[in-house]
Amino acid sequence: MLFSLAFTALLGLTTAQANNNSLIVTKVPDYVRPYIVRAYSIDGVRVGSQIYRFPVTGPSSDNAFTLISTAAPASSDLGVLPHIHQEHYENFYCLRGRFNLWASKDNATSGRVFTPGDYGAVPQNTTHTFQILDPFTEMVGVIQPGGFEDLFYFLASANYSSTTDAPFPQGNFSSPGGDAETISKLTQFDVYAQLAFSPDFAFDNNGTTDTSSERTWHNGPNALAADSETPFFVGKSYGPKYLATTASNTYLIVEPFITAKQSAGNFSEGTITLQQQSAGSADKYSLPGHTALEVVDGMVGVNVGGFNETVMLAIGDVVFVPANTTFSFWGEAAYSKVLAIGQGKDTLQSKLIEGGKTWGSAIWPNALFTLRYAVTLYYLPEDVDTSVFNVFVEWLHTQDLPAGDASGDDDWAEISGIKDHQERCELLTDVLTFADRFIMDEFSQTVHDILVDYIGSQQFAPPFNVIISIHQYLSDNHSEIFQLLVDKHCKIWKLADTEDEKVFSDLPVKFMTGVIRKFR
């Protein structure tokens, strides 16, 4: 009976929809083609009280990866027996509800309470298990390589379908266990039971069981593993983040969970947060490996080459795009997010990170101007230096600038190409003049504060040409800078080797008056 159910499920889940003219299918194809599945619309298999659906399978991805949706009610039991995989890399993402996840390897065991948006990496030879906590919990699993769904066909208690697209059935079901005979057969699916493992349920207030002093989870930055063998966890928006822009200057925030480093170049996984954008302005992509996107927040539009339809995707919907197929996607809601999975090294995630920059927020900038306007502005004033404009674009892009003291030296050199300290003082003066000239109050205040910190932290007085420029171009709104110039020169002034005493005659009366008053 068990094998009959498995065989029926295999046929039902992998038979392609007859009509290939539409992206939307109700049965996952058994060959590689573009397609979309709606949340809970495809049949699944029941293992205990858990319903497993497979939006991406081994056959549909040519064994690149399997994408699993696990929907289940709360349980006091473990969701699976503790086990390891020798060949498969497993990934856990919390879409709804809460669950506990434990991972143990090389005498180090960690547990986390997962809430929506949290992620856990379980590389090969890592003992792991989970427990469902909330009345409606949904886990999204990515397993590489693909084909892992065969395990669940084997374990299935029954096939599952719903005319109302109910995520899981109501009722009391026995928890998935395993007799000795069943456990012995699991090895053919790369599942090796670790029955001696006993998970630690003593979670702290931060949702961890770690014995280390850091116990970082939802209380600080979470780093990705430095290799492809170490298990790790990333709390929602507590991992690394990168800010990227589309050709039409809308923002995307990339939060990688798995890169080529953590997967040995086999796949990538992470989230992409999308600013709202129109379909016509969305960037187009064509990648050498297969790609899957699952909407985890908001609403996302998608176009795929070869199909004359634009499809709106809601939470839980999945689009699969084969290698070398052109596609585009964009945020339809004010805030949208997708979980992105890519095959190989050259993936959607890696391309966006390569074209982006390190970012410190879960939200894109609240810039008053778009980069398109900034580029237009660049061509209007012929007397604006490129290095000045580069600083302006940096601020538009990030709503921030490097510190004015020594801690910002490398960042300033990267933005402007200027390393000399006196030249940077001249640059900041020119940037502040630019900001005042075009009445950009917020930008002006940012540069003002940086210039104050910069002048105050240096062991030299600003050169005379800077003093002359500041008094010539800046308004009285910058009186703090005027006074700082006086104080700095009176404290450490020394006639620079490059400055002629004749320059004294060009110094502003306001500055000289301040110096005289200082010494009176």
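Now for a quick tour of the structure. (Residues numbered from 1 in each chain as written. Predicted model: local features only at pLDDT ≥ 70, side-chain atom pairs only at ≥ 80, totals over all residues. Heavy atoms only, no water.)

Regarding empty space enclosed by the protein
- Using the criterion set out here, one finds three cavities of 30 Å³ or more in the structure.
- For the largest cavity, the lining is made up of 13 residues, of which Ala-39, Tyr-40, Pro-55, Ser-69 and Gly-316 are closest to its centre.
- For the lining of the largest cavity, a count of residues per class yields six nonpolar, three polar and four charged.
- Residue contributions to the lining of the largest cavity reach at least three from each of two domains, namely domain 1 (24–234) and domain 2 (242–358). (1 Å grid on protein atoms, 1.4 Å probe; cavity = no way out; pocket = protein on both sides within 12 Å on 5 of 7 lines; lining within 4 Å. Points joined across faces, edges and corners; volume = space filled by probe spheres on them. Nonpolar A, V, L, I, M, F, W, Y, C, P; charged D, E, K, R; others polar. Domains from an automatic or database assignment.)

Description of the pairing of strand E15 (residues 242–245)
- Note that E15 and strand E16 (residues 251–258) share four bridges and pair antiparallel. Considered in E16, the bridge of Leu-243 is made with Ile-253.
- Here E15 folds back onto E16, and the loop between the two strands holds five residues, one of which, Asn-249, carries a positive phi near 65°. (Pairing = 2+ DSSP bridges. Helix = DSSP H or I, 4+ residues; strand = E, 2+ residues; numbered from the N terminus.)

So, the sheet that holds strand E22 (residues 318–321)
- With antiparallel pairing, the eight strands of this open sheet are ordered in space as E1-E22-E19-E24-E17-E16-E15-E25. The sheet terminates laterally at strand E1 (35–37) and strand E25 (357–358), the two strands that pair on one side only.
- Pairing geometry for strand E19 (residues 291–297) and strand E24 (residues 335–343), over six bridges, is antiparallel. The partner of Val-295 across the bridge, within E24, is Val-338.
- Here helix H5 (residues 348–355) sits on the sheet in contact with E15, E16, strand E17 (267–275) and E19, set at roughly 125° to E16. (Contact = heavy atoms within 4.5 Å. Axes fitted to C-alpha atoms, helices over the stretch in contact; angles between N-to-C directions.)

With respect to the environment of Leu-432
- Note that Leu-432 resides in helix H9 (residues 421–437).
- Taking the C-alpha atoms as reference, Leu-432 lies 9.1 Å from Val-388; in sequence the two are 44 residues apart.
- For Leu-432, the contacting residues outside a window of four places in its chain are Ser-444, Val-447, His-448, Leu-451, Leu-474, His-478 and Ile-481.

Section: helix H10 (residues 441–457)
- For H10, spanning 17 residues, the distance from its first C-alpha to its last is 24 Å, which sits close to the expected 24 Å at 1.5 Å a residue.
- Buried within H10 are the following residues: Phe-443, Ser-444, Val-447, His-448, Ile-450, Leu-451, Val-452, Tyr-454 and Ile-455. (Expected span 1.5 Å × (residues − 1). Buried < 20%, exposed > 50% of the residue type's maximum accessible area, 1.4 Å probe, protein only.)

Quick word on unusual backbone geometry
- Following Gln-144, the chain continues to Pro-145 via a peptide bond in cis, the omega torsion being 5°.
- Here Pro-145 lies in the loop between strand E11 (137–144) and helix H2 (149–155).
- Positive phi outside glycine occurs at Asn-63, with the angle close to 65°.
- When you line up the elements, Asn-63 lands in the loop between strand E3 (50–56) and strand E4 (66–72).
- When its relative accessible area of 43% is taken as the criterion, Asn-63 is described as partly exposed.
- The backbone of Ser-237 shows a phi angle near 65°, a positive value even though the residue is not glycine.

Focus: the sheet that holds E4
- Read from one edge to the other, the open sheet built from eight strands follows the order E12-E2-E3-E4-E11-E6-E9-E14, with strand pairing classed as antiparallel. Of all the strands in the sheet, the pair left with one neighbour each is strand E12 (158–160) and strand E14 (232–234). For this sheet, the mean inter-axis angle between neighbouring strands, taken without regard to orientation, is 25°.
- Here strand E6 (residues 89–96) pairs with strand E9 (residues 119–122) via four bridges, running antiparallel. Bridge pairing in E9 links Phe-92 to Gly-120.

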